[in-house]
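Architecture and fold: a report
The lines below spell out each chain.
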2 protein chains.
Amino acid sequence: LNGNLQAGDYIGFTFFTGYMSMLAASIFFIVERGTVTDKWKTSLLISALITFIASVHYFYMRGVWLETGTSPTQFRYIDWTLTVPLMCIEYFLILKPAGAKGGMLVRLLAGSILMLVAGYIGEAITPENNVMWGIISTIGWAVIIYEIYLGEASKLAANSGNTAVIEGYKVMRWFTLVGWAIYPIGYCMLPGNILHGLVEGADFTKNSPVDLAYNIADAINKIGFGLVVYSIAKNATAAEQ
Amino acid sequence: LNGNLQAGDYIGFTFFTGYMSMLAASIFFIVERGTVTDKWKTSLLISALITFIASVHYFYMRGVWLETGTSPTQFRYIDWTLTVPLMCIEYFLILKPAGAKGGMLVRLLAGSILMLVAGYIGEAITPENNVMWGIISTIGWAVIIYEIYLGEASKLAANSGNTAVIEGYKVMRWFTLVGWAIYPIGYCMLPGNILHGLVEGADFTKNSPVDLAYNIADAINKIGFGLVVYSIAKNATAAEQ
Ligand SMILES: CC1=C(/C=C/C(C)=C/C=C/C(C)=C/C=O)C(C)(C)CCC1
Ligand SMILES: CC1=C(/C=C/C(C)=C/C=C/C(C)=C/C=O)C(C)(C)CCC1
């Protein structure tokens, strides 16, 4: 719990800012939940839970990083195992008034599980095959992208008849396409993977480019995504009044 | 609080996801409690207490597992001793408006106590007799199943005249029959018990199949069951408005 963060340890810096910004975001979403109409309250609570769960795991990751100087891969995946499904639930909740069925949620969750299990194997279990497992993981991500851009979810949103939802949904899925792309880019910098050349000289125990990418991506995709849900809820509340 | 979770320690992984998802679920139930009518608030609070108690014990169990690599049987039963009776109280609260009497609660509690005391003896005191104690424990579970499928509880639910309760009650008891069945299946994998052959080669200090079964079962039966109670409360609230 102390401050043995060295000057110039940029990755450690982002673990600290990560954990505190996630905690602040959770408080923000929980407290602002009181200002939106009832049907948006659950969505804001889920946003808060995503950042809260992340905050706790960033606290752990910060500790692992400071003590060992290695990537806290276990905690990274424990965190994603909980937060990615909650994001799928956010999609479901936003589209439920427009008629979303359980099947849509199941498809999003199935894609997430494939993405995360394959990613974990590639990062933690058989790193020598991380290219192959990265490709398999990407298939899981593609299942999600298909669902929200071309599948049932996209049709439901388009026909929801609620401007706040239609506009907000477009921003949400843009996060899932562009914001989430930062994760595989980070992964490709792992030793043995296709972008490793870019960071060849980097000392991974001091400056892990993979963790830097993941930390930036998490801030965008957890706090940023939550703010999008928040602004959909605020706009819809204003429109109803 | 440290990070000595090894890559590939799947059981450790589920202790971590268990403790954090239980905590997140508690926050969810407590906060969403504000959105249901008064008579449902107590039920949601009990759901929150069940997952909160579990969260604390998962935190301990995670520590025992990381430090010793053995099953945290003591904490497991400490947790169940508190959470199983709370689940019996959930049944009682749901059926109270339909006229549930104290006798029903007493029968459910008696079944729970028999189930847990016998299970503890079989797991922790005389493991060489775990088959016999497992059978005795199952009698306790059968008492509960009888009460909710054929006994007074089932009649009260059927005659409650409240659709949300009738439908929700069926889902609740299905959890108690099918979801709870995962526990004895895990127990039967203990050395000397009838399903141990399935996991013969497993190194119990790295991959305890019993703990894996219990952890999966707890997630389903504590968080899942709480969500069923939550959706009964939400549906009933909507119907009343
Ligand atoms: C595609 C792909 C990956 C994608 C990871 C993603 C997209 C993670 C998203 C996490 C989020 C959004 C957490 C938020 O709370 C991996 C596993 C790095 C492995 C390489 C291929
Ligand atoms: C039948 C049986 C068992 C049943 C255990 C159960 C059903 C535990 C339920 C715990 C719950 C639901 C906790 C939730 O909060 C034991 C003790 C493994 C011993 C073997 C026979």
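Further up the page is the structure itself.
Residues numbered from 1 in each chain as written. Chains lettered and ligands numbered in written order. Predicted model: local features only at pLDDT ≥ 70, side-chain atom pairs only at ≥ 80, totals over all residues. Heavy atoms only, no water.

1. Some details on the relation of the copies chain B and chain A
Taken together, a rotation about one axis and a shift along it account for how the two chain copies relate. Taken as rigid bodies, chain B and chain A are interconverted by a rotation of 70° and an axial shift of 0.5 Å, the fit giving an RMSD of 0.1 Å. Such a combination of turn and shift is consistent with a five-fold rotation axis. (Least-squares fit on C-alpha atoms with pLDDT ≥ 70 in both.)

2. Examining the pattern of salt bridges
Pairing between side chains becomes possible if they bear opposite charge and their charged atoms approach one another. Summed over all chains, the structure comprises 19 salt bridges over all chains. We note a salt bridge from Glu 240 of chain A to Lys 39 of chain A, for which the minimum N-O separation is 3.2 Å. Here Glu 240 of chain A, found in helix 9 (residues 209-240), pairs with Lys 39 of chain A, found in helix 2 (residues 38-68); they are 201 residues apart in sequence, far enough to count as distant. Looking at Glu 240 of chain A, the relative accessible area reads 41%, which means it is partly exposed. The partner of Arg 107 of chain B in a salt bridge is Glu 152 of chain B, and the shortest N-O contact between them spans 3.2 Å. Residue Arg 107 of chain B is found in helix 4 (residues 102-125), and its partner Glu 152 of chain B is found in helix 6 (residues 152-158); the two are separated by 45 residues along the sequence. Judged by relative accessible area, Arg 107 of chain B falls into the partly exposed class, the value being 33%. (Salt bridge = Lys/Arg side-chain N within 4 Å of Asp/Glu carboxyl O. Helix = DSSP H or I, 4+ residues; strand = E, 2+ residues; numbered from the N terminus. Buried < 20%, exposed > 50% of the residue type's maximum accessible area, 1.4 Å probe, protein only.)

3. Some thoughts on the nonpolar core
Residues Leu 95 and Met 104 of chain A together with Leu 95 and Met 104 of chain B are the most contacted members of the largest nonpolar core, which totals 143 residues. Tallying contributions element by element places helix 2 of chain A first for this core, with 16 residues. (Core = buried A, V, L, I, M, F, W, Y, C linked by side-chain atoms within 4.5 Å.)

4. A short note on the site of ligand 2
All names here are of chain B. Taken together, 18 residues lie around ligand 2, and Thr 83, Met 87, Ser 137, Tyr 183 and Lys 222 are the ones closest in. Take Thr 83: an N or O atom from its side chain is 3.1 Å from an oxygen atom of ligand 2. At 3.3 Å from an oxygen atom of ligand 2 is found a side-chain nitrogen or oxygen belonging to Lys 222. A total of 540 Å² of accessible area belongs to ligand 2 in isolation, and the protein chains cover 100% of it. Elements with a minimum of two residues in the shell around ligand 2: helix 3 (73-95), helix 4, helix 5 (130-149), helix 8 (182-187) and helix 9 (209-240). Per element, the largest residue contribution to the shell around ligand 2 is five residues, and it comes from helix 3. (Near = heavy atom within 4 Å. Polar contact = N/O pair within 3.5 Å; in protein donor to acceptor, adjacent residues only side chain to side chain. Areas by Shrake-Rupley, 256 points an atom, 1.4 Å probe, with all protein chains shown as cover.)

5. Concerning the interface of chain B and chain A
Contacts between chain B and chain A engage 23 residues on the former and 23 residues on the latter. When chain B packs against chain A, close to 2,000 Å² is buried across both sides, 77% of that on carbon and sulfur atoms. For the interface between chain B and chain A, the tally reads one salt bridge. Taking the shortest distance from any N to any O, the salt bridge between Arg 33 of chain A and Glu 32 of chain B comes out at 3.1 Å. Counting the contacts that link chain B with chain A gives four residue pairs in polar contact (both at pLDDT 80 or more). Residue composition of the side of chain B that touches chain A, by class: 15 nonpolar, seven polar and one charged. (Contact = heavy atoms within 4.5 Å. Buried area = accessible area lost by both parts, 1.4 Å probe. Nonpolar A, V, L, I, M, F, W, Y, C, P; charged D, E, K, R; others polar.)

6. Details of the side chain of Thr 83 of chain A
For Thr 83 of chain A, the position within the fold is in helix 3 (residues 73-95). With residues near it in sequence (within four places) discarded, Thr 83 of chain A still touches Ile 50, Ile 53 and Lys 222 of chain A.

7. Describing the site of ligand 1
Residues and elements named next belong to chain A. Within the structure, ligand 1 sits among 18 residues, and Thr 83, Met 87, Ser 137, Tyr 183 and Lys 222 are positioned closest to it. The separation between an oxygen atom of ligand 1 and a polar side-chain atom of Thr 83 is 3.1 Å. Lys 222 places a side-chain nitrogen or oxygen 3.3 Å from an oxygen atom of ligand 1. Contact with the protein chains hides 100% of the accessible area of ligand 1, taken as 530 Å² for the molecule alone.

8. Overview of the packing of aromatic side chains
One pass over the full model with this rule turns up 35 aromatic pairs over all chains. A ring pair is formed by Trp 80 of chain A and Tyr 214 of chain A, whose centres lie 5.1 Å apart and whose planes are at 70°; its orientation type is edge-to-face. Of this pair, Trp 80 of chain A sits in helix 3 while Tyr 214 of chain A is found in helix 9, placing the two residues 134 residues apart along the sequence. Each of the two residues, Trp 80 of chain A as well as Tyr 214 of chain A, counts as buried. Pairwise contacts between aromatic rings join Tyr 77, Trp 80, Tyr 120, Tyr 183 and Tyr 214 of chain A together with Phe 13 of chain B into one cluster. For Arg 62 of chain A, the ring lying beneath its charged end belongs to Phe 59 of chain A, and the centroid distance is 4.3 Å. (Phe/Tyr/Trp six-rings, centres within 6.5 Å; stacked < 30°, edge-to-face > 60°. Lys NZ or Arg CZ within 6 Å of the ring centre and 35° of its normal.)

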